[in-house]
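Chain by chain, the residues:
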Amino acid sequence: MSPPRPRALVTGGAGFIGSALVLELVTAGWTVTVLDQLTYAAAAGTVALLKATGHCQLIKGDIRNRNTLRDVMERANPEAVFHAAAETHVDRSINSASDFISTNLTGTFEVLEAVRAWRDQHQTGQPPVRFIHVSTDEVFGDLGDGGASRFDETTPYAPSSPYSASKAGSDHLVRAWARTYELDVRICNCSNNYGPRQFPEKLIPRMILNGLEGRPLPVYGDGGQIRDWLHVHDHARALRLIAEIGQAGRTYCVGGDTERTNLDVVRKICDLLDKRLPHKTPRRALIELVADRPGHDRRYAIDAARIRAELSWSPSISFETGLARTLDWYLNHASWWIPSTSAHE
Ligand SMILES: NC(=O)c1ccc[n+]([C@@H]2O[C@H](COP(=O)([O-])OP(=O)(O)OC[C@H]3O[C@@H](n4cnc5c(N)ncnc54)[C@H](O)[C@@H]3O)[C@@H](O)[C@H]2O)c1
């Protein structure tokens, strides 16, 4: 007889990173319950994909609702809770921060409290439920132009945007619940992700789809902002390893060792599109430098030495290969992204 499948609850499992994580967990033998409010960021095609795995039940609900969370914890009976539900788009947070404060801060508080209450009621004599907090390198702020310094687990927090401030606050809540209530928590601060099923408001899918349709490619400022890109499958594997063999109370910085300027990324997308679907004018001509976003961080970069050494994790997909595959995914999945874009124009 095969051993029972471990059980996970994934909040935000219908989003970009959450869905990659669910697929990673199911493939590795877990049974998953997803709690997701199905906001604009969760596509119908993603929900269908998760259901088709046969090892994932999806519950539509809001992490800010205490009763919902209590019921979901009972139904999921989880050994690990991965908390990925969040409002995530920096531009939206600048236009209106209120959902960011409420979902990312109050929502995280409610999830922590639900996990704590469930542990206290149901978990005598069992290994404690693990809480894996999916966070970002944006909590560390700005490394400025150039230089060799990188973020690691000792870097002080200095968030710049309402989004990153709300995520920084949620990290502090998670640490406080570990210290005060002895919750088993692990925090993952990851760099910029890319890959399939990312909502087309984020840089890479937006540029792919605009370039495909011959629309302008707006790039903030001089396009010299540097991000450290990681394929979403490599992030999902890191999260699974953190749950399976990581240490309670530990933070892990995760990144791809792939620093690129935004302008470089957009140019690469143009060249890939020109190769796949040649156009009389090269797509680079569509690039337009536009007024910069307020408070725009110049550079992020991660030193992932800890997770590499302790959990034997390293990125498996190079940026060049991953970007080409991502572009092909969007070209081959119009039915996934057309409803996403038309609903928000
Ligand atoms: N995208 C990146 O590059 C990146 C990098 C590092 C960390 N992160 C973090 O990873 C997590 C997931 O990011 P993503 O890019 O997949 O985001 P996403 O916007 O694609 O998905 C977020 C998901 O959360 C759900 N959600 C939002 N509010 C909710 C609520 N109140 N209750 C229940 N569900 C709710 C949405 O429906 C959606 O499915 C976030 O916490 C983000 O901060 C993202």
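Residues numbered from 1 in each chain as written. Predicted model: local features only at pLDDT ≥ 70, side-chain atom pairs only at ≥ 80, totals over all residues.

Student: So what about the overall build of the protein chain? Which residues, and what values?
Tutor: Secondary structure assignment for the protein chain yields 12 helices and 13 strands. The globule rule puts the C-alpha radius of gyration for 345 residues at 20 Å, and the 20 Å found for the protein chain is close to it. Along the longest, intermediate and shortest principal axes, the C-alpha atoms of the protein chain span 65 × 45 × 40 Å. The buried share of the protein chain, reckoned over its 345 residues, is 47%. (Helix = DSSP H or I, 4+ residues; strand = E, 2+ residues; numbered from the N terminus. Rg over C-alpha atoms; globule rule 2.2 N^0.38 Å. Buried ≥ 20, exposed ≤ 12 C-beta atoms within 10 Å, placed from the backbone.)

Student: Please provide a residue-by-residue account of the site of the ligand, values included.
Tutor: Residues in contact with the ligand amount to 30 residues; listed here are only the nearest, Gly12, Gly15, Ile17, Ala41 and Ala86. When contributions to the shell around the ligand are tallied by element, the ones reaching two or more residues are α1 (16-27), α5 (98-122) and β5 (130-136). Top element by residues in the shell around the ligand is α1. It accounts for 3 residues. Taken together, the residues that form the shell around the ligand break down as 13 nonpolar, 12 polar and 5 charged. (Near = placed C-beta within 6 Å. Nonpolar A, V, L, I, M, F, W, Y, C, P; charged D, E, K, R; others polar.)

Student: An account of the sheet that holds strand β2 (residues 31-36) is needed here, citing residue identities and associated values.
Tutor: In space, the 7 strands of this open sheet follow the order β3-β2-β1-β4-β5-β6-β11, with parallel pairing throughout. Of all strands in the sheet, those bounded by a partner on one side alone are β3 (56-60) and β11 (251-254). For this sheet the average axis-to-axis angle between neighbouring strands, irrespective of direction, equals 20°. Pairing between strand β6 (residues 184-190) and β11: 4 bridges, direction parallel. Each bridged residue has a counterpart across the sheet, and for Asn189 the counterpart in β11 is Cys253. (Pairing = 2+ DSSP bridges. Axes fitted to C-alpha atoms, helices over the stretch in contact; angles between N-to-C directions.)

Student: I'd love a proper account of the pairing of strand β1 (residues 7-11), names of residues and values included.
Tutor: With 4 of 5 residues buried, β1 lies mostly within the body of the structure. The pairing of β1 with strand β4 (residues 80-83) spans 4 bridges and is parallel. Bridging from a neighbouring strand, Ala8 pairs with Ala80 of β4.

Student: Can you lay out the nonpolar core for me, pointing to particular residues and giving the numbers?
Tutor: Counting 91 residues, the largest nonpolar core has Leu21, Phe82, Cys188, Leu239 and Val254 as its most contacted members. Dropping the residues within four chain positions of it, Phe82 is found in contact with Ala8, Val10, Leu21, Ile132, Val134, Leu239 and Ala243. (Core = buried A, V, L, I, M, F, W, Y, C linked by C-beta atoms within 7 Å. Contact = placed C-beta atoms within 7 Å.)

Student: Go over the environment of Thr46 with me, naming the residues and quoting the values.
Tutor: Tracing the chain through its elements places Thr46 in helix α2 (residues 44-52). Considered as a pair, Thr46 and Pro278 are 232 residues apart in the sequence and their alpha carbons are 30 Å apart. Those residues in contact with Thr46 that lie beyond four places of it in its chain are Ala14, Ser19 and Arg197.

Student: Quick one: what's the story with α1, residue by residue and with numbers?
Tutor: Helix length check: α1, at 12 residues, gives a terminal C-alpha distance of 17 Å against a target of 16 Å (1.5 Å per residue), a fit within 8%. Burial analysis of α1 places 10 of its 12 residues in the buried class, which makes it a mostly covered element. All of the buried residues in α1 are Phe16, Ile17, Gly18, Ser19, Ala20, Leu21, Val22, Leu23, Glu24 and Leu25. Directly after α1, the chain includes Gly29, whose backbone phi takes a positive value near 105°. (Expected span 1.5 Å × (residues − 1).)

Student: Account for unusual backbone geometry, with residues named and values stated.
Tutor: Despite not being glycine, Arg197 shows a phi value in the positive range, around 70°. Following the sequence through the fold, Arg197 ends up in the loop between β7 (193-194) and α7 (203-212). Looking at Arg197, the number of C-beta atoms within 10 Å reads 26, which means it is buried. For Asp257, which is not a glycine, the phi torsion comes out positive at approximately 55°. With respect to the helices and strands, the residue Asp257 is situated in the loop between β11 and β12 (259-261). Look at Asp257 and you get partly exposed, because 17 C-beta atoms sit within 10 Å.

Student: Quick one: what's the story with the packing of α5 against helix α6 (residues 162-181), residue by residue and with numbers?
Tutor: Direction vectors running N to C along α5 and α6 enclose 15°, while the axes themselves pass 8 Å from each other. The orientation of α5 relative to α6 falls into the category roughly parallel. Where α5 crosses over α6, the handedness of that crossing is right-handed. The segment α5 lies against α6, with Phe100, Ile101, Asn104, Leu105, Thr108, Phe109, Leu112 and Arg116 engaging Pro162, Tyr163, Ser166, Lys167, Gly169, Ser170, Leu173, Val174, Trp177 and Tyr181. Tallied by class, residues from the contact of α5 with α6 come to 11 nonpolar, 5 polar and 2 charged. (Parallel < 35°, antiparallel > 145°, perpendicular 65-115°, else oblique. Left-handed = near helix turned anticlockwise from the far one by under 90°.)

Student: If you had to explain the environment of Ala176 to someone new, which residues and values would you point to?
Tutor: Relative to the elements of secondary structure, Ala176 occurs in helix α6. Ala176 gets classed as partly exposed once you count the C-beta atoms within 10 Å, which come to 14.

Student: Give a description of α7 that names residues and reports values.
Tutor: Listed as buried for α7 are Ile204, Pro205, Met207, Ile208, Asn210 and Gly211. In the core, the buried residues of α7 are packed alongside β7, β8 (217-220), α9 (262-276) and α11 (319-332). Positive backbone phi, at 70°, marks Gly214, one or two positions downstream of α7.

Student: Break down the environment of Trp337 for me, with residues and values.
Tutor: Within the secondary structure layout, Trp337 lies in helix α12 (residues 334-342). Residue Trp337 is classed as buried on the basis of its C-beta count, with 20 C-beta atoms lying within 10 Å. For the pair Trp337 and Asp297, spaced 40 residues apart in sequence, the C-alpha separation works out to 28 Å.

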